[in-house]
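Coordinate analysis (summary)
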Amino acid sequence: MKAHDTIRAALVQAAARLGVSVTASAVELERPRDPAHGDVATNLALALAKSLKQPPRAVAERLVAALELPPGPVRKVEIAGPGFINFFLAEAQLASVLEAILAAGERYGRSDPGNGVRVNVEFVSANPTGPLHVGHGRGAALGDAIAALLEGTGHAVVREFYVNDAGTQIDKLARSLWARVQQRVGRDVQVPEGGYHGDYLIELAEGILAREGRAFADLPQEEGIGRCRSIGVLSQRAEQDEDLREFGVKFDVIYFESELYRGQLIERTLADLTRRGYTYEQDGALWLRTTAFGDDKDRVLRKSDGTYTYLLPDIAYHRHKRERGFARAIDVWGADHHGYVPRLQAGMKALGYPEDFFHAEIVQLVRVMRGGEEVRFSKRTGDFVMLRDLFEETGVDAARYFFLMRRGDSQFVFDVDLAKSQTEENPVFYVQMAHARMSGIFRVAARDPAAVRADGTDLSVLDAPEEVDLMKELAEFPRVVEGAARTLEPHRITGYLEGLARLVHAWYHKYRVLGEPEEAARLVLAAGARQVLANGLRLLGISAPDRM
RNA sequence: GCGCCAGUAGCUCAGCUGGAUAGAGCGUCGGCCUCCGGAGCCGAAGGUCCCGCGUUCGAAUCGCGGCUGGCGCACCA
């Protein structure tokens, strides 16, 4: 908002007059919780107290005395509490946010601090060994929202999914599937130890036999397992893609581990690490000196049997991201992998990459509750609850919203009954309903809300407390988006939307729009509120329905 | 044993990188439907911010030491 910039600049100038050099971005402006403390406040005097060796209030007095604000946006400046400087904005300033919203439309809330920086966001990256479960769903919702937040703040984002199609897990999948094929033709073969026991491989085995004929089961074992490997990976990948598509997540790049081997990227990475002096041989294995970067112990890159551990391909993969020109690589990982962060980070530093290149966002596990009881297992996989089962029951919007409404790093209980309920208790419903209500006004008025403009409308009649509060909240949206993007915390958006929806409902309930003397101005307010609700929901990948 | 994450109202959780009297929803209690959707709105009660020590003008927030819970600590992925 323009008033913020004006205040910021004036404060920087005032500080300079006191002999302190402050950058504009270092001046913190916030909206006080208590309206009696004004519309904008800064703690600048408190922050400068130490270096000036003066009491905060005295610093505040001097700052205000040195402050030169152009006439217009600010009508009053106060010093309060321990030394806060509070600014009170002119009323006209407040309503101008509506003009800004309607002029920007879908773009309201977007900003450009990212300045076109290229960011790779990798998430889900499930092994192609079975269906996606709810934990993947939380990662999918979070990764997609983080990507959208970064896009909304001016970053060039690529959404990426990494497929481990070359490891031992894939061998287990192939052998498990082969065993199921044998079982279906009546042979007494067991699914191997540590293999995949879920019913979905029985279904897949039946499909193979139906398509290929019984002769498939009589293939030589090596060939049969090989066929099972490619069929298994392809079918699981296809199924995961379909789940993700229906969940509303679209990836720009699907990267297969096997591509790393084809491009000699593993060997090149190993050569880099060695050339930089961070590898050594011991006990027949090749080690990476990760302790040089804060890891507990050094890690093996190449085992004594000559094969690679998981770490080396992963370093190679992230090196490849760097080579593709990304300034940042953000990975969304499940909590069960968090112990892995220090060694991959060490790998990045061993390659000489800056500290902030790689960042792992850890997502804690999800528990699912229904009817007051925990739902642990899915029949089909014999394991976790499947993502598909969840969103088919609750709807995609509710599932995504619920995954996003808590910080990723806190454990989360998904209440299926709440997600399905069509009442105010359900936050998704509550927020979407606020949007639908605003749309309803325009439906009755037979107007297109997207075509509403503030030009020439007298907005000074929007002076009821509920209307003032609503406009102030609408003005906060761009800052909320920026904060959420900076901290990679989409839950700030859901929290904001719930607060905004509350104000919208309260306003709607108390004041009529159509047929009132204030109709024109209130239509502008309704259109603005509707736009911000829609923009917030869209950012999270959730629909903004016009009626429910 | 070591590491990471969490511990805030009866419950689920926020708390904007150290600021003003710690907030919201649900639940509880009490009000409100001639209406653009009551599928909603308004109000009240409710706190040892896990405990202790420290850092400073100021700590839920930072540091140290404990306690509780989750997850990790492979030449697995």
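Residues numbered from 1 in each chain as written. Chains lettered and ligands numbered in written order. Predicted model: local features only at pLDDT ≥ 70, side-chain atom pairs only at ≥ 80, totals over all residues. Heavy atoms only, no water.

1. Looking at the protein's contact with RNA strand B
Near RNA strand B lie 59 residues; those nearest to it are Phe84, Lys303, Glu424, Tyr511 and Met548. Here, RNA strand B places atoms within 4 Å of the protein, and 62% of those atoms are sugar or phosphate. Between RNA strand B and the protein, one listed contact pairs a base oxygen with a backbone N or O atom of Ser304 at 2.7 Å. Within the backbone of Tyr511, a nitrogen or oxygen atom sits 2.3 Å from a base nitrogen of RNA strand B. (Near = heavy atom within 4 Å. Polar contact = N/O pair within 3.5 Å; in protein donor to acceptor, adjacent residues only side chain to side chain.)

2. Re the domain arrangement of chain A
Taken domain by domain, chain A holds domain 1 (2–89) and domain 2 (424–539). Each of domain 1 and domain 2 has a C-alpha centre, and the two are 30 Å apart. Between domain 1 and domain 2, roughly 450 Å² of surface is buried when both sides are summed, and carbon and sulfur atoms account for 35% of that area. Broken down residue by residue, the surface that domain 1 buries against domain 2 is led by His4, Arg31 and Asp39, which jointly contribute 80%. Applying the counting criterion to the domain 1 and domain 2 interface returns three salt bridges. The shortest N-O distance in the salt bridge between Glu476 and Arg31 comes to 3.5 Å. Seen at the junction of domain 1 and domain 2, the total is four residue pairs in polar contact (both at pLDDT 80 or more). A breakdown of the residues in the side of domain 1 that touches domain 2 according to their chemical character gives one nonpolar, one polar and three charged. (Domains from an automatic or database assignment. Buried area = accessible area lost by both parts, 1.4 Å probe. Salt bridge = Lys/Arg side-chain N within 4 Å of Asp/Glu carboxyl O. Nonpolar A, V, L, I, M, F, W, Y, C, P; charged D, E, K, R; others polar.)

3. Structural notes on the pattern of salt bridges
Close approach of charged atoms lets side chains of opposite charge pair. All chains considered together, the criterion is met by 34 salt bridges. The shortest N-O distance in the salt bridge between Glu518 and Arg522 comes to 3.7 Å. One continuous salt-bridge network, built from bridges that share partners, spans Arg31, Glu473, Glu476 and Arg479.

4. Quick notes on the packing of aromatic side chains
A complete count under the given rule lists 19 aromatic pairs for this structure. Aromatic side chains Phe161 and Phe251 sit 5.3 Å apart centroid to centroid with 90 degrees between the ring planes, which places their arrangement in the edge-to-face category. With Phe161 in strand β6 (residues 156–163) and Phe251 in the loop between α8 (221–246) and β7 (253–256), this pair connects stretches of sequence that are 90 residues apart. Of the two residues, Phe161 and Phe251, both sit in the buried class. Grouped by ring-pair contacts, the aromatic residues Phe247, Phe391, Phe402, Phe403, Phe412 and Phe414 constitute a single cluster. Just above the ring of Phe326 sits the side chain of Arg118; from NZ or CZ to the centre is 4.5 Å. Cation over ring: Arg322 sits above Phe357, and NZ or CZ is 5.1 Å from the ring centre. (Phe/Tyr/Trp six-rings, centres within 6.5 Å; stacked < 30°, edge-to-face > 60°. Helix = DSSP H or I, 4+ residues; strand = E, 2+ residues; numbered from the N terminus. Buried < 20%, exposed > 50% of the residue type's maximum accessible area, 1.4 Å probe, protein only. Lys NZ or Arg CZ within 6 Å of the ring centre and 35° of its normal.)

5. Quick word on the pairing of strand β12 (residues 358–363)
Within β12, five of the six residues are buried, which leaves the element mostly enclosed by the surrounding structure. As judged from the six bridges shared by strand β11 (residues 328–334) and β12, these two strands associate in the parallel manner. Within the sheet, the bridge partner assigned to Gly334 lies in β12 and is Val363. Traced from β11 through helix α12 (residues 341–350) to β12, the parallel crossover comes out right-handed. (Pairing = 2+ DSSP bridges. Right-handed = clockwise from strand over helix to strand, strands pointing away.)

6. As for empty space enclosed by the protein
Picture a little ball the size of a water molecule; that probe, rolled over the atoms, points out where space is still empty. All told, the structure shown has one cavity of 30 Å³ or more when counted by the stated rule. Here the largest cavity is characterised by a volume of approximately 90 Å³. Taken together, 10 residues line the largest cavity, and the ones lying closest to its centre are Arg31, Asp39, Leu89, Ala475 and Glu476. The element that contributes the greatest number of residues to the lining of the largest cavity is helix α17 (residues 465–487), accounting for three residues. A class-by-class count of the residues in the lining of the largest cavity yields five nonpolar, one polar and four charged. The residue makeup of the lining of the largest cavity includes at least three contributed by each of domain 1 (2–89) and domain 2 (424–539). (1 Å grid on protein atoms, 1.4 Å probe; cavity = no way out; pocket = protein on both sides within 12 Å on 5 of 7 lines; lining within 4 Å. Points joined across faces, edges and corners; volume = space filled by probe spheres on them.)

7. With respect to the sheet that holds strand β9 (residues 285–288)
Read across the sheet, three strands follow the order β8-β9-β10 without closing on themselves; strand pairing throughout is antiparallel. Edge strands, defined here as strands with exactly one partner in the open sheet, are β8 (279–282) and β10 (299–302). Between one strand and the next, the sheet's axes are offset by a mean angle of 45 degrees, whatever the strand orientation. Inspection of the sheet shows β8 paired to β9 by four bridges, in the antiparallel sense. Each residue of the ladder has a partner; that of Tyr280, found in β9, is Trp287. Against the sheet, helix α10 (residues 265–275) makes contact with β8, β9 and β10, and its axis sits at roughly 130 degrees relative to β10, the strand it touches most. Helix-sheet contacts for helix α11 (residues 311–323) involve β9 and β10, and the interaxial angle to β10 is about 80 degrees. (Axes fitted to C-alpha atoms, helices over the stretch in contact; angles between N-to-C directions. Contact = heavy atoms within 4.5 Å.)

8. Thoughts on helix α1 (residues 2–17)
Between its first and last C-alpha, α1 extends 23 Å over 16 residues, near the 22 Å set by a 1.5 Å rise per residue. Buried residues of α1: Ala3, His4, Ile7, Ala10, Leu11, Ala14 and Ala15, and no others. Looking straight down α1, one finds its buried side chains confined to an arc of 135 degrees; they lie on one side. Where α1 terminates, the next one or two residues include Gly19, which has phi positive at roughly 85 degrees. (Expected span 1.5 Å × (residues − 1). Arc of directions from axis to C-beta.)

9. Considering the layout of surface pockets
The space that makes up the second largest pocket amounts to roughly 1300 Å³. Around the second largest pocket, the lining is made up of 39 residues, and of these Glu30, Arg31, Glu476, Arg479 and Val480 lie nearest the centre. At the level of elements, α1, β1 (29–30), α4 (91–104), α17 and α18 (491–510) are the ones that each hand at least two residues to the lining of the second largest pocket. With 11 residues, the top contributor of residues to the lining of the second largest pocket is α17. Among the residues making up the lining of the second largest pocket, the classes are represented as 13 nonpolar, eight polar and 18 charged. Among the domains, domain 1 (2–89) and domain 2 (424–539) are the pair contributing at least three residues each to the lining of the second largest pocket.

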